[in-house]
Amino acid sequence: MDSYEQPRERPAEYQEQKKYYSGKKKKHTFKNQLIVMPSGQEIVDVVVGKPGATSDIKIWREQRREFSSGQKFQGDKAYVGEPAIDTPHKKTRSKGITLEQKQDNQKKARTRVVVEHLIRLVKTFRIAAERFRLKSTTYEPVILTVCGLIRWRIGAIVRA
């Protein structure tokens, strides 16, 4: 599971500007979250078009109701503190991480890289990577269409 931010046109109204402004990217963005099977051959769930200021873990907490409580996920450091998500060890201010924790992080990174590759496939479509210039109401159908094309491309959807 991972999320990415996509730049968008600056909203006209001040409240909308404040809502969509991402301090991380220093621009107005949409945030999307992908949940992928460990093999990388299937996109399980897509959350599209959340405001850029929304944190990854907040998006996850809104979505987790759709999954069973016993189900486990893997995520990056943005999901630390969530019991259902296996996250890498985070370095503290006072001390670093041990060698065992570092090796464990490397193992987790090897399995999580499939999500990053799938996000890269989504971003090969320029409309999903560069600044979104259409009306914001069309954002969700466009991104979901791109995800559908990616599912078809990786063989998750077979044309009858």
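These notes cover the structure that comes with them. These numbers come from a predicted model, not from an experiment.

### Looking at a positive patch on the surface
On the surface, a cluster of positive charge is made up of K24, K25, K27 and K123. Checked against the element boundaries, K25 lands in the loop between β2 (21-22) and β3 (27-36). By relative accessible area, which is 41% here, K25 ends up partly exposed.

### Here's the deal with unusual backbone geometry
The backbone of K26 shows a phi angle near 60°, a positive value even though the residue is not glycine. Tracing the backbone through its elements, the reader meets K26 in the loop between β2 and β3. Overall, K26 belongs to the exposed group, its relative accessible area being 60%.

### Examining the nonpolar core
Soluble globular proteins: nonpolar side chains tend toward being buried together. Residues L34, I43, L118, V122, I143, C147 and I150 are the most contacted members of the largest nonpolar core, which totals 22 residues. Breaking this core down by element, the ones donating at least two residues are β3, β4 (43-51), α3 (99-123) and α4 (139-153). In terms of residue count, the dominant contributor to this core is α4 (6 residues). When near neighbours in sequence (up to four residues on either side) are disregarded, V122 contacts Y4, L34, A128, V146, C147 and I150. Core analysis: the second largest hydrophobic core is formed by 7 residues, I35, W60, F67 and Y79 among them.

Conventions adopted
Residues numbered from 1 in each chain as written. Predicted model: local features only at pLDDT ≥ 70, side-chain atom pairs only at ≥ 80, totals over all residues. Heavy atoms only, no water. Patch = residues over 30% accessible without salt bridge, like charges linked within 9 Å, V, L, I, M, F, W, Y side chains within 5 Å. Areas by Shrake-Rupley, 256 points an atom, 1.4 Å probe, with all protein chains shown as cover. Salt bridge = Lys/Arg side-chain N within 4 Å of Asp/Glu carboxyl O. Lys, Arg positive; Asp, Glu negative; His and termini not counted. Charge placed at Lys NZ, Arg CZ, Asp CG, Glu CD. Helix = DSSP H or I, 4+ residues; strand = E, 2+ residues; numbered from the N terminus. Buried < 20%, exposed > 50% of the residue type's maximum accessible area, 1.4 Å probe, protein only. Core = buried A, V, L, I, M, F, W, Y, C linked by side-chain atoms within 4.5 Å. Contact = heavy atoms within 4.5 Å.

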